[in-house]
Amino acid sequence: MGSDMPGTDRERHGGTGSGPLAGVRILEVGTMLAGPYATMMLADLGAEVTKLEPAGGDISRKVSDSYFASLNRGKRSIRIELDSEPGRSRLGELVARSHALLVNLKPSAIRRLGLTYDALRRYNERIVCVAITGYGLHGGDDPAFDYVIQAAAGIAALTGDPAGPPTLPGYSSADNSTGLTAALGLLAQIVSGRGGQIDVSLYEVMLSQLNYHAAAYLNDGKRPQRRPFGAHSYYVPAQIFPTAAGFLALFVTHDGFWKTFAAEAGVAGFELMADRVSRRDEVLAAVTTALAADTATRWEARLRPLGIPAAAVRDLPDALDTSPEAVITAGGYRLVGNPIRVAGYEPEYGPPPELGEHGR
């Protein structure tokens, strides 16, 4: 994929060079989370990713070293002042030998710094320029941090107990989701063989992820409803339940699951999903009573061998302790590795770069 690009080589900061994206050069003007997460996923898969950082570096360097490492392992770093004439000249040189540039800044800053395809195509007609913004490259500069987007797009209104206030997931779901979407768009345009502008907004990504809720409203006039214990709109029982000790997530999506679960838990009736949906409150009461007879971890141990989707609610340290295969080492940092498993390829996770480490 990179053999026809001038100046392309297969050396990268970390990685074996044998990954599916070996030879692909990506430039990143990224801050904090969405952009750096997108390019880190690509670096894990073998791409050479170079962060273009101002004198003070990506502001996430000031959060903590482990925070920065969690988003920037295996990358290179060049210090460059993009609003200076030498910086613009250097950017042109880098663009000429790269496949893509990914940016997450305000639209006005992206244009002011000349980080669009229209501004950069004179250096490389096939450069793919990806802009991650809050509301789109033409959507203005309104503040658009993750939690603000979750509130604006309807995520917060759907989250939490109906008797309490709207709430937010305990992690940056909008930033992470938008990063992955941007990486997909970047790769799709590279595969096409054409340069161009890719425009990905946090707001539209989160609307897209409300897919079936949006379809129910747009086509059937059904307004989304926040339910206790995070209950699913269509499947019953599919939510979190209290048990004798701890909480259990149970997800019964068809009648076969229900038959097996009901036999194990001693619940009678409600054989058809239509019955369970129309008699939701009765079903939930019966299941809650049944699950109170044992602990969450015991229910998980009983139900999983039967093929029933169920899991005790754990905190992150417990999840990491029980999933050692998910933890990798990058430099001196222990991090969660790339979730994409490519047959025959094992990433060599490089350390996060020192600021300006690769300036030469």
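Numbering of residues begins from 1 in every chain and follows the order in which that chain's sequence is written. Whole-chain, interface and lining totals are the exception, using all residues; otherwise, since this is a predicted model, local features are given only for residues with pLDDT of at least 70 and side-chain atom pairs are given and counted only at 80 or more. Side-chain figures throughout are based on the complete set of non-hydrogen atoms in the structure, without hydrogens or water.

- By the naming in an unreviewed UniProt entry, the chain is CoA transferase, taken from Nocardia wallacei.

Some points on the packing of aromatic side chains
Next, step 1: Note on aromatic contacts: the rings of Phe and Tyr and the six-membered ring of Trp form a pair at centre separations within 6.5 Å, being stacked when their planes are under 30 degrees apart, edge-to-face when over 60 apart, and tilted otherwise. According to the stated counting rule, one finds five aromatic pairs in the structure shown.
Next, step 2: A centroid spacing of 5.9 Å and a plane angle of 70 degrees characterise the contact between Y235 and F251, whose relative ring orientation is edge-to-face. Of this pair, Y235 sits in the loop between helix 9 (211-220) and strand 7 (238-242) while F251 sits in strand 8 (residues 247-251), and the two are 16 residues apart along the sequence.
Next, step 3: Taking the relative accessible area as the measure of exposure, Y235 reaches 29% and is therefore partly exposed.
Next, step 4: On the basis of relative accessibility, which here comes to 34%, the residue F251 falls in the partly exposed class.
Next, step 5: Seen in terms of ring centroids, W258 and F261 are 5.8 Å apart; in terms of plane orientation they differ by 50 degrees. Their pairing is tilted. Within this pair, W258 and its partner F261 are both found in helix 10 (residues 255-265), separated by three residues, close to a single helical turn.
Next, step 6: In this scheme, a residue with accessible area under 20% of its type's maximum is buried, one over 50% is exposed, and one in between is partly exposed, where area comes from a 1.4 Å probe on protein chains only. By relative accessible area, which is 2% here, W258 ends up buried.
Next, step 7: In this structure F261 comes out as buried when scored by relative accessible area, which is 0%.
Next, step 8: Joined through ring pairs, the aromatic side chains of W258, F261 and F270 make up one cluster.
Next, step 9: For a lysine, the NZ atom is tested; for an arginine, the CZ atom; a charge sits over a ring if that atom is within 6 Å of the ring centre and within 35 degrees of the ring normal. One residue, R302, lies across the ring of W299, its end atom 4.0 Å from the ring centre. Here a strand is any run of E in DSSP of at least two residues, a helix any run of H or I of at least four, and the numbering for each starts at the N terminus.

Structural notes on the sheet that holds strand 8
Next, step 1: Being paired, for any two strands, means DSSP has found at least two bridges between them. The sheet built from three strands is open, its strands ordered 7-8-9 with antiparallel pairing. Strand pairing shows two members of the sheet lacking a second neighbour, strand 7 and strand 9 (310-312), which therefore form its edges. If you compare each strand with its neighbour and ignore which way they point, the axes differ by 20 degrees on average.
Next, step 2: In terms of strand pairing, strand 7 meets strand 8 through five bridges, oriented antiparallel. Directly across from A238, in strand 8, lies its bridge partner F251. Axis geometry follows a simple rule: fit a line to the C-alpha atoms, using only the stretch in contact for helices, then measure angles between N-to-C directions, giving values from 0 to 180 degrees.

Re helix 8 (residues 202-209)
Next, step 1: By the burial criterion, the buried members of helix 8 are L202, V205 and M206. All buried residues of helix 8 lie within an arc of 95 degrees about the axis, which places them on one face of the element.
Next, step 2: Elements that come into contact with the buried residues of helix 8 comprise strand 5 (128-133), helix 6 (146-153), helix 7 (173-192) and strand 6 (196-201). Throughout, the arc means the angular range of directions from the helix axis out to the C-beta atoms. By the convention used here, residues are in contact when the closest approach between their heavy atoms is within 4.5 Å.

Considering the nonpolar core
In a soluble, globular protein the nonpolar side chains are often hidden away together inside.
Next, step 1: Formed by 30 residues in total, the largest nonpolar core has its most connected members in I26, L42, A47, L102, V130, L186 and M206.
Next, step 2: Going through the elements one at a time, helix 1 (34-44), strand 4 (100-104), strand 5, helix 6, helix 7, strand 6 and helix 8 are the ones with two or more residues in this core.
Next, step 3: A per-element tally of this core places helix 7 first, with five residues.
Next, step 4: Not counting the four nearest positions on each side in its chain, L102 is found in contact with L27, E28, V29, G35, A38, T39, V130, I132, A182 and L186.
Next, step 5: Definition of nonpolar core: a set of buried residues of the types Ala, Val, Leu, Ile, Met, Phe, Trp, Tyr and Cys, connected through side-chain atoms within 4.5 Å. Counting residues in hydrophobic clusters, the runner-up holds 22 residues, among them V236, L250, F261 and A296.

Overview of the environment of V287
Next, step 1: Positionally, V287 belongs in helix 12 (residues 280-291).
Next, step 2: A C-alpha to C-alpha distance of 8.3 Å links V287 and F241, two positions 46 residues apart in sequence.
Next, step 3: If we ignore the near neighbours within four places in the chain, the residues touching V287 are P237, F241, L250, W258 and F261.

Digging into the environment of S173
Next, step 1: Position of S173 among the secondary structure elements: in helix 7.
Next, step 2: Between the C-alpha atoms of S173 and S60, which are 113 residues apart in sequence, the distance is 17 Å.
Next, step 3: Filtering out sequence-adjacent residues up to four positions away, S173 remains in contact with D146, Q150 and M206.

Details of the domain arrangement of the chain
Next, step 1: Partitioning the chain into domains gives domain 1 (25-211) and domain 2 (247-312).
Next, step 2: If you average the C-alpha positions of domain 1 and of domain 2, the two centres end up 42 Å apart. Just so you know, the domain bounds were taken from an automatic or database domain assignment.

Some remarks on the side chain of K51
Next, step 1: Note on placement: K51 falls in strand 2 (residues 48-53).
Next, step 2: Residue K51 is classed as buried on the basis of its relative accessible area of 1%.
Next, step 3: A distance of 2.5 Å separates the side chain of K51 from the side chain of E28, its partner in a polar contact.
Next, step 4: Polar contacts involving the side chain of K51 include one to the side chain of N72, which spans 2.9 Å. Polar contact criterion, stated in full: a pair of N or O atoms within 3.5 Å, where within protein one must be able to donate a hydrogen and the other to accept it, and residues adjacent in sequence count only if both atoms are side-chain atoms.

Things to note about the confidence of the model for the chain
Next, step 1: Every residue gets a pLDDT, meaning the predictor's confidence in that residue, from 0 to 100. With 95% of its residues at a pLDDT of at least 70, the chain reaches an overall mean of 94.
Next, step 2: Here residues 1-17 scores under 50 on pLDDT; set against residues more than four positions off or in separate chains, the count is 49 contacts.

Here's the deal with the sheet that holds strand 1 (residues 25-29)
Next, step 1: Taken together, the six strands give an open sheet; going across it, the order is 3-2-1-4-5-6, and neighbouring strands pair in parallel fashion. Bordering the open sheet on either side are strand 3 (76-79) and strand 6, each of which pairs with just one other strand. On average, each strand axis in the sheet is inclined to that of its neighbour by 20 degrees, with strand direction left out of account.
Next, step 2: Here four bridges tie strand 1 to strand 2, and the two strands are oriented parallel to one another. In the strand pairing of strand 2, E28 is matched with K51.
Next, step 3: Helix 1 rests against strand 1, strand 2, strand 4 and strand 5 of the sheet, and its axis sits at about 150 degrees to strand 4.

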